[in-house]
Amino acid sequence: EREKMGGFVHMDQAAFIWNLPPEVVRSLQKYFIVKKPPVIHKININTASKQEISKIPYINHELSRNILIYRSKKSTPLTIEDLEKINGFPLDKLKIIALYLDF
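The following paragraphs examine the structure supplied in this document. (Residues numbered from 1 in each chain as written. Predicted model: local features only at pLDDT ≥ 70, side-chain atom pairs only at ≥ 80, totals over all residues. Heavy atoms only, no water.)

## Some thoughts on the layout of surface pockets
Estimates place the volume of the largest pocket at around 220 Å³. Of the residues belonging to the lining of the largest pocket, the class tally is eight nonpolar, two polar and two charged. Its boundaries defined by the atoms lining it, the second largest pocket holds a volume of some 180 Å³. If you go around the second largest pocket, you meet 14 residues; those closest to its centre are Arg2, Phe8, Met11, Ile33 and Val34. Here the residues of the lining of the second largest pocket are counted per class, giving ten nonpolar, two polar and two charged. (1 Å grid on protein atoms, 1.4 Å probe; cavity = no way out; pocket = protein on both sides within 12 Å on 5 of 7 lines; lining within 4 Å. Points joined across faces, edges and corners; volume = space filled by probe spheres on them. Nonpolar A, V, L, I, M, F, W, Y, C, P; charged D, E, K, R; others polar.)

## Quick look at the pattern of salt bridges
Here the idea is simple: oppositely charged side chains can pair when their charged atoms come close. Across all of its chains, the model carries three salt bridges by this definition. Across the pair Asp82 and Lys85 runs a salt bridge whose closest N-O atoms are separated by 3.7 Å. One connected set of salt bridges, linked through shared partners, spans Lys74, Asp82 and Lys85. (Salt bridge = Lys/Arg side-chain N within 4 Å of Asp/Glu carboxyl O.)

This is how it looks when you write it as C-alpha cells:
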C-alpha cells in the first residue's frame, strides 16, 4: 500500500490498508510515526484534469468525474468544504486527500 501511494504522508493512512484489523492499526499508530513523508506534488483541484485528479490517492475515475461535474456547476472555486458535498466522496479520507490538494 505504501509503495502504491509513493509513501505514507500520515499514520492515519494505516486505517485504510485493506484487511488490516483495527487493533493492528491502533498499534501501528501508537508505536510508529511518519518521520519523513514523501514530497507531495499537490494538484489544484480547480484546474486539474480528470486524469490528474484520478492520480490522487483514494480518488478513482468515477469520483474524479463527480468532482469535475460538481466543479463545472459552481461559479466559484472549490473549497475543502465543497468536497464534502460531492456524491461518493470518501469523507473518512478527507483529511488525507486534502494533503494532496491545492485550492
